Amino acid sequence: MFKILRLEFLFNRWQLLTVLAIFTAYFAYMAYQIDSPRIFVVTMSIMIGLSMPFIILGREDKFKTAALMCSLPVRRTTIVLGKYAATWGAIGLGLGYALLFKAVFPFSKFAIGEILTARNFLVSLFLISLIVAVILPFTIRFGLTGIIILLVSGQLLGILALILTQALGGASNPMRFFFRAVKSGLQTLLTREAAPGFQLTLVAAIVAVNAASLFISRALYARRDL
Amino acid sequence: MDNTIEITGLRKEYKGFTLDDVTFTVPRGYIMGLIGPNGAGKTTIVKLIMNLIRRDAGEVRVFGMDNLRHEPEVKARIGFVYDAPRFPEDLRLETIASAISAFYEKWDGRRFRNLLEEFQLSPRQVFKKLSHGMKMKFSLAIALAHDADLILMDEPTAGLDPVFRFDLLTKLRALIQDERKTVLFSSHITSDLERVADFVTFVHKGRLVFSAAKDDILETWGVVRVSGDGISPAEVPGARGFRRTEHSLGVLTSDIAAARGRFGASVVCDMASLEDIMFFISKGNAHV
């Protein structure tokens with residue numbers, strides 16, 4: 001797995017650094033504009049969770065290096081594990097850079113100490129895990145086409161959900177109930193007291209989401225013809 | 001004879017194409033050419049050996065090991081050259097090689113540098129700036145740098161100029177001199193195979209037509225040519241295909257000696273080249 005990790009690093013290092021350099025402007029804007037540590041954590045997590053996997057998997061798709069990877073003396077299960085490790089490594093790099101930038105940026109609306117809590121860290125990892133858990137299996141199996149299909153499907157589902165919400169009317173229709181449940185879940189995630197039980201649940205959820213995603217990715221990649 | 005590759009009953013089904021019941025062996029220390037027209041199934045066979053695609057049935061044994069069960073062990077001893085190299089285009093050759101070298105215990109950095117020098121490539125060159133021929137040279141350098149026991153190449157000579165093709169074939173010939181290394185390469189350029197191959201496997205429409213020693217094929221196969229309607233293709237012993245034009249008939253036979261014995265001087269009997277065989281079987285009007 002470490003050989004795959006090294007290969008991904010050598011193949012993508014300059015692109016990762018370039019993207020982080022571009023993100024500097026975005027982080028500066030966020031640090032300057034956002035005065036809520038929670039919103040900062042959520043937006044930063046979503047941004048990093050979406051962008052970093054794309055750099056690695058997008059380049060693999062562009063140069064068709066999956067065939068190269070699979071011709072090397074490693075099993076496909078190891079390749080998938082390596083891709084997850086590389087993705088999380090890139091995410092770690094992104095998070096580290098964002099926090100470092102926030103710490104040294106002189107125009108921040110709040111101090112870095114306000115977001116450096118165990119709860120924020122776990123919430124951030126949980127949100128990124130949710131994004132990665134969906135993106136990686138699709139991209140690993142179908143390449144960028146898969147992710148485009150996923151995004152378009154998401155858009156269409158969103159439009160359908162909005163139409164249904166309007167069409168069904170009334171406060172008790174199932175769509176409104178669904179949206180309320182999502183909203184309440186997010187609120188709980190962001191505002192609930194950071195008791196050890198809650199943090200433990202978050203850790204378990206992060207592990208479960210990643211393990212399920214890895215399991216699916218392995219099964220999908222084993223079936224992929226290159 | 002010791003076999004490097006043993007393929008038995010191999011099957012892969014695609015929509016509109018099926019590779020079916022392919023069985024052949026590649027003896028150790030020899031060069032085998034895999035020939036057939038475009039779309040015959042050559043690349044499918046190569047990919048199945050490398051487990052780049054899933055097989056639907058059959059078995060592939062490389063160095064006596066199942067290529068799926070012992071995938072890492074098998075691939076560690078294979079030098080693989082793609083029809084179109086699959087490396088990140090924006091990286092330097094040295095970076096690509098550094099990333100790949102870690103996977104091979106027997107990677108020899110000095111040998112790799114010597115090969116680059118021999119191929120007139122600089123480690124600092126960026127991959128996308130190389131011509132097609134240079135990209136193939138780089139792929140070959142990667143494949144040869146870890147002392148692979150089997151060199152597996154998919155259409156390595158396609159799109160290359162004759163000079164480099166000649167160099168490549170000479171290199172392959174030199175490679176097997178130690179009688180330990182084996183080469184299997186697919187090509188539709190039959191002259192390349194005639195120049196270097198010891199064995200030839202011919203696939204057509206997903207099925208194996210023959211797999212035999214090249215010299216045996218070139219000594220026994222032939223084309224019987226006759227003007228007008230003097231004979232019918234079915235009369236020719238060992239007939240494998242024919243092509244009829246307005247004024248003549250050409251029949252490909254796998255037993256030219258028997259054909260000579262049967263017709264004597266009343267017909268023209270030529271030895272068949274691999275190109276003739278490919279032409280008659282893939283483009284002939286019908287099989288006999």
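All of these numbers come straight from a predicted model, not from anything done at the bench.

Looking only at helices and strands, chain A features 7 helices and 0 strands. Against the compact-globule benchmark of 17 Å for 226 residues, chain A has a radius of gyration of 19 Å, which places it among compact chains. Principal-axis analysis of the C-alpha atoms places the extent of chain A at approximately 55 × 50 × 35 Å. A burial count over chain A gives 30% of its 226 residues as buried. Long-range pairs, those at least 24 residues apart, make up 84% of the contacts in chain A with a sequence separation of at least 6.

In terms of regular secondary structure, chain B is built from 10 helices and 14 strands. Radius of gyration (C-alpha) of chain B: 21 Å, near the 19 Å computed for a compact globule of 288 residues. Each of the three principal axes of chain B carries a C-alpha extent, and together these read 65 × 40 × 40 Å. A burial count over chain B gives 44% of its 288 residues as buried. Contacts in chain B between residues at least 24 apart in sequence constitute 69% of all its contacts with a sequence separation of at least 6.

Let us now look at the domain arrangement of chain B. All names here are of chain B. Assigned domains of chain B: these are domain 1 (3–217) and domain 2 (221–283). Taking only C-alpha atoms, the centre of domain 1 and the centre of domain 2 are 34 Å apart. Facing the 10 residues of domain 1 at the interface are 8 residues of domain 2. Of all the secondary structure elements, the ones that give two or more residues to the side of domain 1 that touches domain 2 are α7 (190–196) and β9 (199–204). Grouping the constituent residues of the side of domain 1 that touches domain 2 by class yields 7 nonpolar, 2 polar and 1 charged.

Let us look at the sheet that holds strand β7 (residues 150–154) of chain B. Residue and element names in this part refer to chain B. In space, the 6 strands of this open sheet follow the order β6-β7-β8-β3-β9-β10, with mixed pairing throughout. Each of the sheet's edge strands pairs with one partner strand only, and the pair in question is β6 (78–81) and β10 (207–213). Direction aside, the axes of adjacent strands within the sheet are offset by 15° on average. Sheet topology places strand β3 (residues 31–35) next to strand β8 (residues 182–187); 5 bridges connect them, and they run parallel. Looking at the pairing, leucine 34 lines up with serine 186 of β8.

Where interface size is given, it is often the accessible area lost as the parts come together that is meant. Taken together, the contacts link 20 residues of chain A with 20 residues of chain B. Within the residue set of the side of chain A that touches chain B, elements represented by two or more residues are α1 (2–33), α2 (37–63) and α3 (66–71) of chain A. In terms of residue count, the dominant contributor to the side of chain A that touches chain B is α1 of chain A (5 residues). Here the residues of the side of chain A that touches chain B are counted per class, giving 11 nonpolar, 2 polar and 7 charged.

Moving on to the packing of α1 of chain A against helix α4 (residues 76–104) of chain A. Residue and element names in this part refer to chain A. Between α1 and α4, whose axes approach to 9 Å, the crossing angle comes to 30°. Accordingly, the angle class assigned to the pair α1 and α4 is roughly parallel. Where α1 crosses over α4, the handedness of that crossing is right-handed.

By size, the foremost hydrophobic cluster in this structure holds 128 residues, and its most contacted members are Ile49, Ala141, Leu152, Leu184 and Ile277 of chain B. The greatest single-element share of this core, amounting to 12 residues, is contributed by helix α5 (residues 118–168) of chain A. Residues lining this core come from more than one domain, with at least three contributed by each of domain 1 (3–217) and domain 2 (221–283) of chain B. Excluding residues within four positions of it along the chain, alanine 141 of chain B makes contact with Phe112, Leu115, Leu116 and Phe119 of chain B.

Another point: the packing of α5 of chain A against helix α7 (residues 196–222) of chain A. Residue and element names in this part refer to chain A. Between α5 and α7, the least distance of the axes is 9 Å, while the angle of their chain directions is 10°. Classified by the angle between their axes, α5 and α7 sit roughly parallel to one another. Along the lines of polarity and charge, the residues of the contact of α5 with α7 split into 19 nonpolar, 5 polar and 2 charged.

A word on unusual backbone geometry. Residue and element names in this part refer to chain B. Phi is positive for asparagine 51, which is not a glycine, with a value near 55°. Locating asparagine 51 in the fold gives a position in the loop between α1 (42–49) and β4 (57–62). The buried category is assigned to asparagine 51, around which 20 C-beta atoms lie within 10 Å. In this model, glutamine 120 sits at a positive phi of 60°, which is unusual for a non-glycine residue. The exposure class of glutamine 120 is exposed, given the 8 C-beta atoms found within 10 Å.

Residue and element names in this part refer to chain B. Burial analysis of strand β13 (residues 248–253) places 5 of its 6 residues in the buried class, the great majority of the element. In this structure, strand β11 (residues 222–227) lies alongside β13, joined through 6 bridges in antiparallel fashion. Bridging from a neighbouring strand, arginine 225 pairs with glycine 250 of β13. One ladder, built from 5 bridges, connects strand β12 (residues 239–244) with β13; its direction is antiparallel. Looking at β13, one finds that alanine 239 is bridged to threonine 253. Between the antiparallel neighbours β12 and β13 lie 3 residues.

Another aspect to go through is the sheet that holds strand β2 (residues 17–27) of chain B. Residue and element names in this part refer to chain B. Taken together, 4 strands build an open sheet; the order of strands is β2-β1-β4-β5 and the sheet is antiparallel. This sheet does not close on itself; its edge strands, each paired only once, are β2 and β5 (65–66). Of the pairings in the sheet, the one linking strand β1 (residues 3–14) to β4 comprises 5 bridges and is antiparallel in character. The partner of threonine 8 across the bridge, within β4, is glutamate 59. Across the sheet, α1 is in contact with β1, β2 and β4; its angle to β1 comes to roughly 115°.

Once that is clear, we can look at α1 of chain A. Between its terminal C-alpha atoms α1 of chain A stretches only 40 Å, short of the 46 Å expected from 32 residues at 1.5 Å a residue. At asparagine 12 of chain A, α1 of chain A shows its largest kink, close to 60°. Among the residues of α1 of chain A, Ile4, Leu7, Glu8, Phe11, Asn12, Leu16, Leu20, Phe23, Phe27, Met30 and Ala31 of chain A are the ones counted as buried. On the buried face of α1 of chain A, the contacting elements are α2 and α4 of chain A together with α3 (93–101) of chain B.

Parameters at a glance
- Residues numbered from 1 in each chain as written.
- Chains lettered and ligands numbered in written order.
- Predicted model: local features only at pLDDT ≥ 70, side-chain atom pairs only at ≥ 80, totals over all residues.
- Helix = DSSP H or I, 4+ residues; strand = E, 2+ residues; numbered from the N terminus.
- Rg over C-alpha atoms; globule rule 2.2 N^0.38 Å.
- Buried ≥ 20, exposed ≤ 12 C-beta atoms within 10 Å, placed from the backbone.
- Contact = placed C-beta atoms within 7 Å.
- Domains from an automatic or database assignment.
- Nonpolar A, V, L, I, M, F, W, Y, C, P; charged D, E, K, R; others polar.
- Pairing = 2+ DSSP bridges.
- Axes fitted to C-alpha atoms, helices over the stretch in contact; angles between N-to-C directions.
- Parallel < 35°, antiparallel > 145°, perpendicular 65-115°, else oblique.
- Left-handed = near helix turned anticlockwise from the far one by under 90°.
- Core = buried A, V, L, I, M, F, W, Y, C linked by C-beta atoms within 7 Å.
- Expected span 1.5 Å × (residues − 1).
- Bend = angle between axes of the 7 residues up to and from the residue.

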